[in-house]
Amino acid sequence: MDNWDEIKTAYQVARMGTVSGAAEVLGVHHATVIRHVDALERRLAVKLFQRHARGYKTTEAGEDLLRVAAATDDQFSQLASRIKGRGEAVSGELVVTSLMELSSWMTPLLVAFQKKNPDVTVRFLTGERLFRLEYGEAHIAIRAGQVPEQPDNVVQPFHMLQMGLFAHKSYIAAHGMPSAPDDYGNHRFVGHDDAQMRAPFFKWMRDMVPAQAISFRGLDAGGLRVAVREGAGIGFIELTEGRADPDLVEVHPHLPEWDSTLWLVTHVDLHRTPKVQALLSFLKKVVKKEM
């Protein structure tokens with residue numbers, strides 16, 4: 001790895017997906033981009049990209065190299081900002097990851113942050129897999145449950161996610177309220193399709209509700225919330241959000257065992273970058289005001 005220019009060029013090709021896009025970002029001729037990528041692939045004796053009519057797509061080897069390149073690029077940017085006396089600048093790409101269940105809660109917060117910092121490009125990645133901060137897959141991760149213990153991560157408590165069990169008024173009008181948990185078999189529920197889903201509220205549903213009564217299932221948390229609001233059945237919605245909706249009925253008193261502690265997780269190498277610190281500070285202030 002003795003030629004950072006080539007690695008940086010390949011990183012921009014991966015980001016932009018095309019040679020012309022990378023050339024524009026780097027301010028060089030497209031022939032220079034092709035020459036750098038070809039030289040890097042020869043040096044490593046491996047293909048980093050699959051070439052096709054629409055552009056360049058990274059191979060598995062390319063993904064491994066470019067995750068490290070992304071983290072390194074961030075560290076160089078941080079160093080350059082300090083040297084130039086612009087350590088407080090908040091700009092560039094900011095990658096945030098969380099569980100899909102948090103997307104409707106987190107998205108307004110990230111939009112509000114971007115309005116205050118318009119030079120930031122936000123990438124909000126949701127999914128069940130853990131994005132690896134040590135490989136630069138994300139700058140900040142919002143994780144739930146037990147305190148994360150990965151080495152070299154900075155972990156801070158963030159928020160207690162409280163869930164409630166709700167149904168739409170139309171469902172209650174058609175099916176009535178469950179009289180007790182032993183009546184759940186006579187009702188319809190909205191639940192997660194993954195039996196290994198670790199969220200405590202979905203685990204509670206699997207334990208308490210007969211499988212045949214979970215009649216609407218899905219993998220997307222946003223879709224499940226919509227299903228509850230459309231009257232498909234009884235399901236979990238964030239407690240404050242559910243209680244604020246006049247069309248929703250709280251079916252069961254809130255149970256602390258449904259709740260999850262949320263953690264803000266960053267990698268030690270990127271924790272002090274201005275954009276990461278700005279978002280961490282913003283999120284903690286917003287949550288403190290809501291408490």
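Details of the structure are given in the entry above.
What you see is a predicted model, and the numbers here were worked out from it, not measured in a lab.

## Some words on the pattern of salt bridges
For step 1, the next point in the chain: Per the counting criterion, the structure on display carries 10 salt bridges.
For step 2, the next point in the chain: Lys47 is the salt-bridge partner of Glu41, the closest N and O atoms lying 3.7 Å from each other.
For step 3, the next point in the chain: Classification of Lys47 as exposed rests on a relative accessible area of 53%.
For step 4, the next point in the chain: Across the salt bridge formed by Arg229 and Glu241, the nearest N and O atoms sit 3.2 Å from each other. One end of the pair, Arg229, is in helix H8 (residues 221–229); the other, Glu241, is in helix H9 (residues 239–244), with 12 residues separating them in the sequence.
For step 5, the next point in the chain: Because the salt bridges share partners, they merge into one network encompassing Asp38, Glu41, Lys47 and Arg51.

## Some details on the nonpolar core
One broad rule of soluble globular proteins: the nonpolar side chains tend to lie buried together.
For step 1, the next point in the chain: Of all hydrophobic cores here, the largest spans 51 residues; its most connected members are Met106, Ile142, Phe158, Leu165, Phe189 and Leu279.
For step 2, the next point in the chain: Top contributing element to this core by residue count: helix H10 (residues 274–290), with seven residues.
For step 3, the next point in the chain: Setting aside residues up to four positions removed in sequence, Phe158 forms contacts with Trp105, Met106, Ile142, Leu262, Trp263, Leu264, Leu283, Lys284 and Val287.
For step 4, the next point in the chain: In this structure, Tyr11, Val13, Leu66 and Ala70 belong to the second largest nonpolar core, which totals 17 residues.

## Thoughts on helix H2 (residues 19–26)
For step 1, the next point in the chain: All buried positions along H2 are accounted for by Val19, Gly21, Ala22 and Ala23.
For step 2, the next point in the chain: At its buried positions, H2 is contacted by helix H1 (4–16), helix H3 (30–44) and strand S2 (55–58).

## Quick notes on helix H7 (residues 200–208)
For step 1, the next point in the chain: For H7, the complete set of buried residues consists of Phe201, Phe202, Trp204 and Met205. Projected down its long axis, H7 shows its buried positions confined to an angular sector of 155°, all on one face.
For step 2, the next point in the chain: Its buried side turned inward, H7 meets strand S7 (163–168), strand S8 (189–192), strand S9 (214–218), H8, strand S10 (235–238) and strand S11 (248–252).

## A short note on the packing of aromatic side chains
For step 1, the next point in the chain: Counted by the stated rule, this structure contains 11 aromatic pairs.
For step 2, the next point in the chain: Between the aromatic rings of Tyr184 and Phe189, the centroid separation amounts to 5.1 Å while the plane-to-plane angle is 70°, which identifies the pairing as edge-to-face.
For step 3, the next point in the chain: Residue classification places Tyr184 among the buried positions, given a relative accessible area of 2%.
For step 4, the next point in the chain: Ring plane angle 80° and centroid distance 5.0 Å describe the contact between Phe236 and Trp258, whose orientation is recorded as edge-to-face. Note that Phe236 is positioned in strand S10 and Trp258 in the loop between S11 and strand S12 (260–267), a separation of 22 residues in sequence. Comparing Phe236 with Trp258 shows no difference in burial state: the two are buried.

Conventions used here
- Residues numbered from 1 in each chain as written.
- Predicted model: local features only at pLDDT ≥ 70, side-chain atom pairs only at ≥ 80, totals over all residues.
- Heavy atoms only, no water.
- Salt bridge = Lys/Arg side-chain N within 4 Å of Asp/Glu carboxyl O.
- Buried < 20%, exposed > 50% of the residue type's maximum accessible area, 1.4 Å probe, protein only.
- Helix = DSSP H or I, 4+ residues; strand = E, 2+ residues; numbered from the N terminus.
- Core = buried A, V, L, I, M, F, W, Y, C linked by side-chain atoms within 4.5 Å.
- Contact = heavy atoms within 4.5 Å.
- Arc of directions from axis to C-beta.
- Phe/Tyr/Trp six-rings, centres within 6.5 Å; stacked < 30°, edge-to-face > 60°.

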